[in-house]
Amino acid sequence: MTYATRDELQERYGLDELTQLTDRMGAGVPDDNLVNRALSDADAEIDGYLAVRYQLPVQTVPPMLVRMACDIARYRLWDDRASAEVRERYTDARRLLELIAKGTVGLGLSSALPHPLPSQSAATSGSARVFNRLSTDGY
């Protein structure tokens, strides 16, 4: 499932920025392979968080996920040259995804998984230990 398309990414950040970030051959147009890879990476990152709470793939993509996918893909395209604004939008998207995974923020989707069962600790049985730190003192 794709959360955002190349056209949505271009609508948000402009053709000039996509061209600047991906045109390695000097053709004057964005490299669709690089753009699609960044969008795919964003999808995978989002899925990692959503899988905790939602049945994937989601049937409908809420606008919130489109925005986050675009912000994440843009950050990936900028790589280590990302400005403070690009980095902050990426960080905000990650924080929101963490809240979604925790169940603090919902997406309004009907495909939510039932709440996970509380973790249970392991139980042991048997007779008391013969040797312990105190009984072997000095050995």
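Scroll up a little and you will see the structure.
Now for a description of the structure that goes with this document. As the structure is a prediction and not an experimental result, all values here were calculated from the model.

**As for the overall build of the chain**
Scanning the chain for helices and strands turns up 5 helices and 0 strands. Written out in order from the N terminus, the α and β elements of the chain read α-α-α-α-α. Within the chain, the proportion of its 139 residues that are buried is 35%. By sequence separation, contacts in the chain at least 24 residues apart represent 75% of the contacts at least 6 residues apart. Within the structure as shown, the chain displays about 9,400 Å² of accessible surface, and the carbon and sulfur contribution to it stands at 50%.

**A few points about the nonpolar core**
In terms of nonpolar packing, the biggest core is built from 35 residues, with Leu9, Ile46, Leu50 and Ile100 touching the most fellow members. Of all elements in the fold, only α1 (6–13), α2 (15–22), α3 (32–50), α4 (63–78) and α5 (84–102) reach the threshold of two or more residues within this core. Ranked by the residues each element gives to this core, the list is headed by α4, at 10 residues. Beyond its immediate chain neighbours, meaning those up to four positions away, Leu9 contacts Gly14, Leu18, Val35, Leu39, Cys70, Ala73, Arg74 and Leu77.

**Structural notes on the packing of aromatic side chains**
On inspection of all chains with the given rule, the structure shows 1 aromatic pair. Where Tyr75 meets Tyr90, the ring centres are 4.0 Å apart and the plane angle is 5°; that geometry is what we call stacked. Of this pair, Tyr75 sits in helix α4 while Tyr90 sits in helix α5, placing them 15 residues apart in sequence.

**Focus on the side chain of Thr22**
Mapping Thr22 onto the fold places it in helix α2. Within the local environment of Thr22, its side chain forms a polar contact with the backbone oxygen of Leu18, the two atoms lying 2.7 Å apart. Excluding residues that lie within four positions of it along the chain, Thr22 makes contacts with Pro30, Asp31, Leu34, Val35 and Leu77.

**A word on the packing of α1 against α4**
Contact pair α1 / α4: the axes reach a minimum separation of 10 Å and the direction vectors enclose 80°. In this view, α1 runs roughly perpendicular relative to α4, as classed from their interaxial angle. Side by side, α1 and α4 meet where Glu8, Leu9, Arg12 and Tyr13 of the first sit next to Val66, Arg67, Cys70, Asp71, Ala73, Arg74 and Leu77 of the second. Looking at side-chain class alone, the contact of α1 with α4 contains 6 nonpolar, no polar and 5 charged residues.

**Section: unusual backbone geometry**
Backbone torsion omega between Leu56 and Pro57 reads 0°, so that peptide bond is classified as cis. Even without being glycine, Asp79 reaches a positive phi, approximately 55°. Summarising the element assignment, Asp79 is placed in the loop between α4 and α5.

**Brief notes about α3**
With 19 residues, α3 should cover 27 Å at 1.5 Å per step; its first-to-last C-alpha distance of 26 Å lies within 8% of that length. Along α3, the residues that are buried comprise Leu34, Val35, Ala38, Leu39, Ala42, Asp43, Glu45, Ile46, Tyr49 and Leu50. Buried residues in α3 make contact with α1, α2, α4 and α5. The opening residue of α3 is Asp31, an N-cap whose side-chain oxygen sits 2.9 Å from the backbone nitrogen of Asn33.

Conventions and cut-offs
Within each chain, residues carry numbers counting from 1 in the order of the written sequence. With pLDDT at 70 or above as the cut-off, local features in this predicted model cover only qualifying residues; side-chain atom pairs require 80 or more to be listed or tallied, and sums for whole chains, interfaces and linings still use all residues. Hydrogens and waters are ignored; side-chain quantities use all the structure's heavy atoms. The helix count covers DSSP runs of H or I at least four residues long, the strand count covers runs of E at least two residues long, and both are numbered beginning at the N terminus. Buried means the residue's accessible area, taken with a 1.4 Å probe over protein chains only, is under 20% of the maximum for its type, while exposed means over 50%, and partly exposed covers the values in between. Whether two residues are in contact is decided by their heavy atoms: any pair within 4.5 Å suffices. In short, Shrake-Rupley with a 1.4 Å probe defines the accessible areas, and a residue's cover is counted only from the protein chains shown. What we call a nonpolar core is a set of buried Ala, Val, Leu, Ile, Met, Phe, Trp, Tyr and Cys residues that are connected through their side-chain atoms within 4.5 Å. Ring geometry is summarised as follows: Phe, Tyr and Trp rings, the Trp one being its six-membered ring, pair when their centres sit within 6.5 Å, and such pairs are stacked at plane angles under 30 degrees, edge-to-face over 60 and tilted between the two. Polar contact criterion, stated in full: a pair of N or O atoms within 3.5 Å, where within protein one must be able to donate a hydrogen and the other to accept it, and residues adjacent in sequence count only if both atoms are side-chain atoms. Here the axes come from fitting lines to C-alpha atoms, over the contacting stretch only for helices, and the angles between their N-to-C directions go from 0 to 180 degrees. Convention used here: angles under 35 degrees read as roughly parallel, angles over 145 as roughly antiparallel, angles from 65 to 115 as roughly perpendicular, and any remaining angle as oblique. Side-chain classes are defined by residue name, with Ala, Val, Leu, Ile, Met, Phe, Trp, Tyr, Cys and Pro counting as nonpolar, Asp, Glu, Lys and Arg as charged, and the others, Gly among them, as polar. A helix is expected to span 1.5 Å for every residue after the first.

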